[in-house]
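An overview of the molecular structure
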Amino acid sequence: MCAPDVDVAVVGAGIVGSAIAAACLAAGARVRVVDPDPGGGATYAAAGMLSPFGELEHTEPVLHALGRVAVAMYPRFVAGIPGGAEACAYEREPTLLLGADAADARSLDELNALAGGSRCASAAADGATRPPDQDCAPAAAGVRWLSSREARSREPLLAPGISRALLAEGDHRVDPRRLAAALRSGIGDRVERTRAARIARNGAGRVTGIELADGRVIRARETVIAHGTGHVDGVDLGGAVRPVHGDILRLYAPAGMRLRHTVRGRVRGRPVYLVPRPDGTLVVGATQREDGDEGVSAGGVHALLRDAIALVPSVEESRFVAHSARARPATPDHLPLVGRAADGLLVATGTNRAGVLLAPLIAQAIAALAAGDEPDIDIGPLDPRRFLGARKHGASDTRDPEPRIFEGAHT
Ligand SMILES: Cc1cc2nc3c(=O)[nH]c(=O)nc-3n(C[C@H](O)[C@H](O)[C@H](O)COP(=O)(O)OP(=O)(O)OC[C@H]3O[C@@H](n4cnc5c(N)ncnc54)[C@H](O)[C@@H]3O)c2cc1C
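Attention in this report is confined to the structure presented alongside it. Note on numbering: residues in each chain are counted from 1, in written sequence order. Note on the predicted model: pLDDT of at least 70 is required for a residue's local features to be given, and 80 or more for side-chain atom pairs to be given and counted; whole-chain, interface and lining totals, by contrast, use all residues. In computing side-chain properties, one takes all heavy atoms of the structure into account and sets aside hydrogens as well as water.

1. Details of the sheet that holds strand 6 (residues 164–168)
Think of it this way: DSSP has to see at least two bridges between two strands before they count as a pair. Here a helix means four or more residues in a row that DSSP labels H or I, a strand means two or more in a row labelled E, and each is numbered from the N terminus. With mixed pairing, eight strands are arranged side by side in an open sheet as 5-6-4-13-14-15-12-16. Looking along the sheet, the strands with just one partner apiece sit at the ends: strand 5 (143–146) and strand 16 (319–330). Averaged over all adjacent pairs, the angle separating strand axes in this sheet is 20 degrees, with direction ignored. Lines are fitted to the C-alpha atoms to define the axes, a helix being fitted only along its stretch in contact, and any angle between axes, read from their N-to-C directions, falls within 0 to 180 degrees.

2. Looking at unusual backbone geometry
Following G285, the chain continues into A286 via a peptide bond in cis, with omega recorded as -20 degrees. With respect to the helices and strands, the residue A286 is situated in the loop between strand 15 (281–285) and helix 9 (298–311). The residue R268 is not glycine, and still its phi comes out positive at about 45 degrees. Mapped onto the secondary structure, R268 falls in the loop between strand 13 (262–267) and strand 14 (270–276).

3. Structural notes on the pattern of salt bridges
Only one rule defines a salt bridge in this text: a Lys or Arg side-chain nitrogen within 4 Å of an Asp or Glu carboxyl oxygen. Following the criterion strictly, the structure yields 22 salt bridges and no others. Ionic pairing is found between D214 and R216, a salt bridge with its closest N-O pair at 2.9 Å. Linked by salt bridges that have partners in common, R32, E192, D214 and R216 make up one network.

4. As for the nonpolar core
Among buried residues, those of type Ala, Val, Leu, Ile, Met, Phe, Trp, Tyr and Cys that are joined through side-chain atoms within 4.5 Å constitute a nonpolar core. Buried residues are those whose accessible area, probed at 1.4 Å on protein chains only, stays under 20% of the maximum for their type, while exposed residues exceed 50% and partly exposed ones sit between those limits. With 56 residues, the main nonpolar core has V10, I20, Y74, L179 and I362 as its most contacted residues. For this core, the secondary structure elements donating two or more residues are strand 1 (6–11), helix 1 (15–26), strand 2 (31–34), helix 3 (61–79), helix 8 (176–187), strand 18 (345–349) and helix 10 (355–370). With 12 residues, helix 10 is the single largest residue contributor to this core. The next biggest cluster of nonpolar side chains, apart from the first, holds 24 residues, and it includes L259, V267, L304 and V312.

5. Some points on the packing of aromatic side chains
By convention, a stacked pair of Phe, Tyr or Trp rings (six-membered ring in the case of Trp) has centres within 6.5 Å and planes under 30 degrees apart, an edge-to-face pair has planes over 60 apart, and any other such pair is tilted. All told, the structure shown has two aromatic pairs when counted by the stated rule. On the numbers, 5.7 Å between centres and 25 degrees between planes, the contact of Y74 with Y90 is stacked. Of this pair, Y74 sits in helix 3 while Y90 sits in the loop between helix 4 (84–87) and strand 4 (95–99), placing them 16 residues apart in sequence. Taking relative accessible area as the criterion, Y90 reaches 12% and is therefore assigned buried. Feature note: the residues Y74, F77 and Y90 constitute an aromatic cluster, connected by ring pairs. Cation over ring: R164 sits above W145, and NZ or CZ is 4.8 Å from the ring centre. Lying across the ring of Y44, R177 places its NZ or CZ 3.7 Å from the centre. The criterion is that NZ of a Lys, or CZ of an Arg, lies within 6 Å of the ring centre and within 35 degrees of the ring normal, and then a charge sits over that ring.

6. Brief notes about the site of the ligand
Think of it this way: one heavy atom of a residue within 4 Å of a molecule or strand is enough to make that residue near it. Inspection of the region around the ligand gives 39 residues, with D35, T43, M49, T351 and R353 positioned closest. Pairing of N or O atoms within 3.5 Å defines a polar contact, subject to two protein rules: one partner must be a possible hydrogen donor and the other a possible acceptor, and residues neighboring in sequence count only if both atoms are side-chain atoms. In the environment of the ligand, an oxygen atom lies 2.8 Å from a nitrogen or oxygen atom belonging to the backbone of M49. The backbone of H231 places a nitrogen or oxygen atom 3.0 Å from a nitrogen atom of the ligand. Here the open area of atoms and residues is found with the Shrake-Rupley method and a 1.4 Å probe, where only the protein chains shown may cover a residue. Burial of the ligand by the surrounding chains reaches 94%, relative to a free accessible area of 1,000 Å². Of the residues assigned to the shell around the ligand, the class counts are 18 nonpolar, 15 polar and six charged. Domain segmentation is taken from an automatic or database assignment of domains. Of the residues that make up the shell around the ligand, three or more belong to each of domain 1 (6–82 + 176–241 + 333–382) and domain 2 (95–171 + 243–330). Residues are grouped as follows: Ala, Val, Leu, Ile, Met, Phe, Trp, Tyr, Cys and Pro are nonpolar; Asp, Glu, Lys and Arg are charged; every other residue, Gly included, is polar.

Structure (structure tokens):
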């Protein structure tokens, strides 16, 4: 291979690619990033919840463990960006998880049980209802049950009649647009506004850099694909990444009508969240659509407003500022694709609903691999080759059915 132009070429300047580039730079690497629209992908829409508990679902215990590690990395991560925590509106206010009716409350019981707490006896019985404010079984580590009265005394704007509430002290928030912009400002003119067309390889099949849409080539010792739902010829992820679109709203809440906590809830089974920002912005999200439509769904906007108002009636007094829709990079097993895909090629995508949360963890792991080191964090379950056929993977599915949890990782 001719001498590389850089140590690391990164395709994609969303939150993930930007965090990786910043981590590689901090490790002393020469870095180049390419993206025709830096920060314009899923990162542009994201609410910025750093919410390992709130995101916990039946299929994602590994993601919960990763999320807890990542949320603990955040203070150091944001301290390292230009302007620090203030520049990206990083706030460690806890999250309130609410259930509007008895069925919604049972979903909270499920979440609590999944995180290691106990199930309420009443929740286990089919169709059982529980009177509001009844105490529940022990909460999982890091969360606690609140009666609806306690929830409303913490957050007076909540609607009366919330059936159940959990307080997640460890679920925080950040403004992803500002965080990505701050990361990019640290990367400076190493970001080029151009598209990567294909992967360049040498005769032995090693990836040697990227060919750009304008015909130029960037030769790199390591190439990192962090293109979200994008496409680069020659990168085979086994068709694992699909776009899941989300509609999301930005409102402005006047003084006196601002939330302190991030509020996540279910209203007749539909999830909705409200994320306040220090400047009065209130982010209300988000739908999950697989219809491939890149526009904003009118039905989605309607449902989000209706459900947000059901949890926090004063939302009706807010000013409507903007709506947007973007595609989350989702995978069949809900886990990201992070790690080595080929000689000279690293991949970091598939973060679905948790890319902002996981960005510091992914960045640290990829920067370590790019430097030829073992990551401090076990990213084995995130192997980007796990959806390739047996022929390419070398054996039948080599995934550990009970992936090791990521306790004790360096933060
Ligand atoms: C409505 C919504 C709400 C969300 N809320 C949250 C949340 O609260 N918390 C959370 O953790 N996550 C959230 N997410 C998920 C989060 O936004 C994503 O997981 C994350 O932004 C993915 O980051 P990324 O950098 O991989 O992708 P992106 O932000 O999509 O960036 C990919 C970049 O790659 C570029 N690109 C693509 N193809 C090429 C190419 N060929 N050459 C060069 N560049 C290319 C694109 O232009 C883009 O800028 C949300 C997502 C949505 C849609």
